Amino acid sequence: MMNIPMKSAKPLNQQSILSINQQFVQGPKTSQNIQSINRGKSSALTHRSNGQIGNPDTCPPNTCHQHPLQSSPLTPSISHKPCPVLINPIQKGQKIPLVSGEKLTNIQVRLGWNVTNPACDVDVSAFLLNHTGKVIGDSWFVFYGQEKSPDGSTVFFIDQNEDREVISVDFTKLNPHVSKIVFVLTIHEALEKHLNFSMIKDAYIRIINPISHVELVSFKMEEYYWNVTSMMIGELYQYNNIWKFSAIGNGVLRDLFGLCELYGVQVV
């Protein structure tokens, strides 16, 4: 996984976001960055077939992503993972406060899925939004190409066990202007390869107290749409100084670049 923080004072352009994972040096993100973001995962740092971090010298044949500038003719092998037992599930549209036995300062947002089309390579992103529903700055979204938010509160990592990808949130570090965090599933190269969420199944999100390891809430999707390439699976939001979780399960026909535009990341 590459950790390329966006430190440019200049507005992001399409190249910067699309080629985010093809840049091995820090620099401004361009419009090409974002558009190639979903077709460029670095084989040097990422091996995703079993939800594990690997290196290019040990990747099995036909499973490693090629260099981001190259279009891989091979389909990565995505293993099936059984859905863990969900302890406190809620239904689509429900909202619930995050309540724990002790003061809740940290959570882990753990996500998983399976695919019916092996060409579907799914990723998680988190957008940190203000009260207007827009990011508080161009670098305030977290995903495989930018693994930590500027305030250090929100961190992406690959799971080695039951789930596929995890985003941890430390509320004690979270910028006070952030009032909502939206968790999105996207399909790698969905638009280019004509992939969609009718090819996904068993998608879930669960929120865990990392201290007690207790599940606070979970949501498993039951509806998968052929005209959707990015799925807002759930969100955290603050209401009366209490963090709550909302099960969304709705999506849009956008890639990661399109989501950046939707949530106010400035691209030119």
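By convention here, each chain's residues receive numbers from 1 onward along its written sequence. In keeping with the predicted nature of the model, local features appear solely for residues at pLDDT of at least 70, side-chain atom pairs appear and are counted solely at 80 or more, and the whole-chain, interface and lining totals rest on all residues. No hydrogens and no water enter the side-chain calculation; it runs on all heavy atoms of the structure.

(A) Inspection of the overall build of the protein chain at higher detail. Think of it this way: any DSSP run of H or I at least four residues long counts as a helix, any run of E at least two long counts as a strand, and we number them from the N terminus. What the protein chain contains, in helices and strands, is 4 helices and 11 strands. Think of it in three bands: with a 1.4 Å probe and only protein chains considered, a residue is buried below 20% of the maximum accessible area for its type, exposed above 50%, and partly exposed in between. Burial statistics for the protein chain: of 268 residues in total, 54% are counted as buried. By definition, residues are in contact when any of their heavy atoms lie within 4.5 Å. Counting contacts in the protein chain only where the partners sit at least 6 residues apart, residues at least 24 apart contribute 64% of the total. Approximately 11,700 Å² of the protein chain is accessible, and the part contributed by carbon and sulfur atoms is 51%. Methods summary: accessible areas were calculated by the Shrake-Rupley approach with a probe of 1.4 Å, and residue burial reflects only the protein chains presented.

(B) Looking closely at the sheet that holds strand β8 (residues 200–209). Two strands form a pair only when DSSP identifies at least two bridges running between them. The 5 strands lie next to each other as β5-β6-β2-β8-β9, forming an open sheet whose pairing is antiparallel. Two strands bound the open sheet, and with one partner strand each, they are β5 (154–158) and β9 (214–220). The average undirected angle you get between the axes of adjacent strands in this sheet is 20°. With 6 bridges joining them, strand β2 (residues 106–115) and strand β6 (residues 165–170) adopt antiparallel strand pairing. If you follow Q108 over to β6, its bridge partner there is S168. The convention used is that axes are lines fitted to C-alpha atoms, helices contributing only their stretch in contact, and that angles between N-to-C directions extend from 0 to 180 degrees.

(C) Focus on the nonpolar core. Here, the term nonpolar core denotes a set of buried Ala, Val, Leu, Ile, Met, Phe, Trp, Tyr and Cys residues that are joined through side-chain atoms within 4.5 Å. Formed by 61 residues in total, the largest nonpolar core has its most connected members in L98, I107, F127, L185, L236 and F245. Those residues within four positions of I107 in sequence are excluded, and the remaining contacts are L98, I167, S168, V169, F171, I207, I208, P210, L216 and L236.

(D) How the structure looks around the pattern of salt bridges. We define a salt bridge as a contact between a side-chain nitrogen of Lys or Arg and a carboxyl oxygen of Asp or Glu at a distance within 4 Å. All chains considered together, the criterion is met by 7 salt bridges. The residue E223 makes a salt bridge to K92 at a minimum N-O spacing of 2.7 Å. Of this pair, E223 sits in the loop between β9 and β10 (230–239) while K92 sits in the loop between α2 (32–35) and β1 (95–97), and the two are 131 residues apart along the sequence. A relative accessible area of 38% means that E223 is categorised as partly exposed. Residue classification places K92 among the partly exposed positions, given a relative accessible area of 35%. The residue R206 makes a salt bridge to D163 at a minimum N-O spacing of 2.9 Å. Of this pair, R206 sits in strand β8 while D163 sits in the loop between β5 and β6, and the two are 43 residues apart along the sequence.

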